[in-house]
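Inside the fold
This is what each chain is made of:
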Amino acid sequence: MSVVGNRELHQLTLTEQSAALSAGEISSVELTRHCLARIDAHDKTLNSVISVGAGAALEAAAVADVSRTEGDSGPLLGVPLVHKDIFCTRALPTTCGSRMLESYTSPFDATVVERLNAAGMVTLGKANMDEFAMGSSNENSFFGGVDNPWRAGTVPGGSSGGSAALVAARLASVATATDTGGSIRQPAAFCGVTGIKPTYGRVSRYGMIAFASSLDQGGVIATTAEDCAQVLQAMSGADPRDATCSADPVPDWLAAMRSVKDLKGLRVGVPEEFFADGLDEAVAIVVRDGLAELESLGATLVSISLPKQSLGISAYYVVAPAEASSNLSRFDGVRFGHRCEDPQDLTDLYQRSRAEGFGSEVQRRILIGAYVLSAGFYDAYYKKAQQVRQVIADEFDEAFASVDVIAGPTTPTVAFNRGAKSDDPVAMYLNDLYTVSANLCGLPALSMPCGFADGMPVGLQLIARAFDEERLLNTAHAFQQATGWHAVIPEATS
Amino acid sequence: MSLDKEEVRTIAHLARLSVEESRLEPIAAELSRVLEFVDRLNSVDTRDIEPMSNPVSSELVLREDVITETDEREQLQKPAPAVHEGYFTVPRVIE
């Protein structure tokens, strides 16, 4: 068994793994083998990974080890990761958690995959997720639910439930993820790990299977903000293949966060609405303690009010299904994906291929989307929701005139039991109460562990101005330098 | 706002999803519940507010009109369920 100091390789952060690789204490092949063995040992119960590419991973690791002897020294060289199965990969199937794409292998790599490959990262496999990223519990995956490593039988959150669970269980130090209404932050909170959804446009969406195009954004789940920054740095930046991807230069986040000593001068807005009815009391106490920690690091807490926030979830459940119904029309049983047996005619081919290929939540959202976009209802729903979206964005703008970040709980409760909310779509949607607004307005947001309630992890969410990821990462890094919540490993997988 | 069975049948057709007769009622109830939840949007006065379709400014991104891709037809058609001589095939549309 390889150890660095007195710790096993999976107990190291990505930053520590990277340092051990560059010091020659371990090889990428050794580290990759260790991760593959962890997947073997723990994923039968967790079900966090849909496909594993052991052979290709070991080959990539060997290539990384050779590059290193030839003088290549990138910080991600030879570090293994898992990609959420929404990112297209040539080397492994891309299912998006759906029967529709059960046997689909993409003819191209997503920009995110291409960039992390170029940085020398080693792809171990593809992470489980809610079908087409629609869900908050990972119970909507065609490939089965994912267990939360903190307590068997509880959900890991969703839609990036596989990514969050596998990082929490230390099967890899990092996983890619995506966030349309909270799909990085909510599972990160439920699993006690750190997740960042950058500003809309920071990361290319090319090759990231579309759910709601004006809300979707790729990001990272890792155990620390520093590790998130390492990978986000390599993923971000202009891409001619995604016209909404920003041409703004990507700052050196790592350099910035490593020079942060404390949080003196930081104004943290605490919206009273985030602590109103609906928030579990035990979660509220832990989040308040987290805020007090920010204060003790020098930040000033400012009580603010965001009265329109709670409408975000209603606007979201118009905008997201509308865009989804349009995006998912491409799955027609003709060019890729599932096709039904013996279609009678073209309409039958479309209707049955789609009814067989999509699960019930995806069908529900397609139907809502088709309804709100249909003649006679467009203004009442879609246009209205987009106007409310603007109202919420204006409210944020006003708040950010007097604060630098907004902080509060990531989720109203800790992870719940499997099956607890699957019969009531609206109860499930309320998981995203505090997270959707950042997507509607394109703002960067991060969730980091700040303690435990009833033995389960609690997430503290930070939201910043557009393109100010630096502030989120610096704040989280300072917090994690002073606290140890992010370093606690679930006992079953320690 | 609540939906009835016939409306579900219509939108299912628009969305090209076959729905079993026995599922129409339960789906109508589920969708009505979601729409009821969404109706809270009407509590906001949105007169004179521009709808926000995208969080980023929608400047048109242009590039030179040059060919950048090579012929990858075979590769791109590999995931298709049925292909014949470079074409996607479907059940006969014209008698």
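Chains are numbered independently. Their residues run from 1 in the order of the written sequence. Starting at A for chains and at 1 for ligands, labels are handed out in the order in which the entities are written. Residues qualify for local features only when their pLDDT is at least 70, as the model is predicted, and side-chain atom pairs are given and counted only at 80 or more; totals for whole chains, interfaces and linings, by contrast, use all residues. Computation of side-chain values: all heavy atoms of the structure, hydrogens and water removed.

Comments concerning the pairing of strand β12 (residues 445-453) of chain A
Residue and element names in this part refer to chain A. Remark: exposure states derive from per-residue accessible area (1.4 Å probe, protein chains only) relative to the maximum for the residue type, with buried under 20%, exposed over 50%, and partly exposed in between. Each helix corresponds to a stretch of at least 4 residues labelled H or I by DSSP, and each strand to a stretch of at least 2 residues labelled E; elements are numbered beginning at the N terminus. Burial runs high along β12: eight of the nine residues are buried. Across three bridges, the pairing between strand β7 (residues 194-197) and β12 is antiparallel. Across the sheet, the residue bridging to Gly-195 is Ser-447, located in β12. The pairing criterion is simple: DSSP has to find at least two bridges between the two strands. When β12 meets strand β13 (residues 456-464), the two strands line up antiparallel, connected through eight bridges. Residue pairing in the sheet places Pro-449 in a bridge with Gly-459 of β13. Connecting β12 to the next strand, β13, in antiparallel fashion are two residues, including Asp-454 with a positive phi near 55°.

Brief notes about the pattern of salt bridges
Think of a salt bridge as a Lys or Arg side-chain nitrogen and an Asp or Glu carboxyl oxygen that are within 4 Å of each other. As enumerated under the stated definition, the model contains 26 salt bridges over all chains in all. One salt bridge in this structure joins Glu-226 of chain A and Arg-258 of chain A, with 3.0 Å as the shortest N-O distance. One end of the pair, Glu-226 of chain A, is in helix α7 (residues 225-235); the other, Arg-258 of chain A, is in helix α8 (residues 253-258), with 32 residues separating them in the sequence. You can call Arg-258 of chain A partly exposed: its relative accessible area is 43%. In this structure, Arg-33 of chain B and Asp-424 of chain A form a salt bridge, with 3.0 Å as the shortest nitrogen-oxygen distance.

With respect to the interface of chain B and chain A
With 46 residues of chain B at the contact, the number on the chain A side is 59 residues. Take the accessible area each of two parts loses on contact, using a 1.4 Å probe, and add the two losses: that sum is the buried area. Contact between chain B and chain A buries roughly 4,700 Å² in total, counting both sides, with carbon and sulfur atoms accounting for 71%. Its largest share of buried area at the contact with chain A, chain B owes to Leu-17, Leu-41 and Met-52 of chain B, together 15% of the area lost on that side. In this assembly, chain B and chain A are joined by two salt bridges. The definition of a polar contact used here is a pair of N or O atoms within 3.5 Å, where within protein one atom must be able to donate a hydrogen and the other to accept one, and adjacent residues in sequence count solely through side-chain atom pairs. Inspection of the region where chain B meets chain A yields 16 residue pairs in polar contact (both at pLDDT 80 or more). Contacts: residue pairs with any heavy atoms within 4.5 Å of one another.

Overview of helix α9 (residues 281-296) of chain A
In an α-helix, one turn spans 3.6 residues; hence positions three or four apart end up facing the same way. Residues and elements named next belong to chain A. The terminal C-alpha atoms of α9 lie 23 Å apart, and with 16 residues this matches the ideal 22 Å at 1.5 Å per residue to within 8%. Among the residues of α9, Val-283, Ala-284, Val-286, Val-287, Gly-290, Leu-291 and Leu-294 are the ones counted as buried. Where α9 is buried, its residues contact β9 (267-271), β10 (300-304), β11 (405-409), β12, β13 and α16 (469-482). One side-chain oxygen of the residue at the start of α9 lies 3.1 Å from the amide nitrogen of Ala-282, identifying that residue as Asp-280. Positive phi shows up at Gly-298, right after α9, with a value of about 110°. Expected helix span is given by 1.5 Å per residue-to-residue step, counting one fewer step than there are residues.

A word on the environment of Val-155 of chain A
All names here are of chain A. In this fold, Val-155 is placed in the loop between β5 (122-127) and α5 (161-168). Residue Val-155 is classed as buried on the basis of its relative accessible area of 0%. Sequence-distant contacts of Val-155, defined by excluding residues within four places in its chain, comprise Ser-137, Glu-139, Val-146, Asn-148, Phe-190, Ala-415, Phe-416, Asn-417 and Arg-418.

Observations concerning the packing of helix α4 (residues 111-118) of chain A against α7 of chain A
All names here are of chain A. Here α4 crosses α7 at 110°, and the two axes come no closer than 8 Å. Comparing their axes, α7 and α4 come out roughly perpendicular. The interaxial crossing formed by α4 with α7 has right-handed handedness. Mapping the contact onto sequence places Val-112, Arg-115 and Leu-116 in α4 and Val-231, Ala-234 and Met-235 in α7. In terms of residue class, the contact of α4 with α7 is built from five nonpolar, no polar and one charged. A fitted line through C-alpha atoms represents every axis, and for helices the fit uses only the stretch in contact; the resulting angles, taken between N-to-C directions, go from 0 to 180 degrees. Should an angle fall under 35 degrees it is called roughly parallel, over 145 degrees roughly antiparallel, and 65 to 115 degrees roughly perpendicular, with every other angle called oblique. By convention, the crossing between two helices is left-handed when the near helix turns anticlockwise from the far helix through less than a right angle, and right-handed when the turn is clockwise. Residues are sorted three ways: Asp, Glu, Lys and Arg are charged, Ala, Val, Leu, Ile, Met, Phe, Trp, Tyr, Cys and Pro are nonpolar, and all the rest, Gly among them, are polar.

Concerning the environment of Pro-51 of chain B
Mapped onto the secondary structure, Pro-51 of chain B falls in the loop between α2 (21-38) and α3 (73-77). Judged by its relative accessible area of 30%, Pro-51 of chain B falls in the partly exposed class. Residues Pro-51 of chain B and Phe-88 of chain B lie 37 residues apart in sequence; the distance between their C-alpha atoms is 39 Å. Filtering out sequence-adjacent residues up to four positions away, Pro-51 of chain B remains in contact with Lys-383, Gln-386 and Gln-387 of chain A.

It is worth stressing that arrangement in space is one thing and function is another; only the former is reported here.
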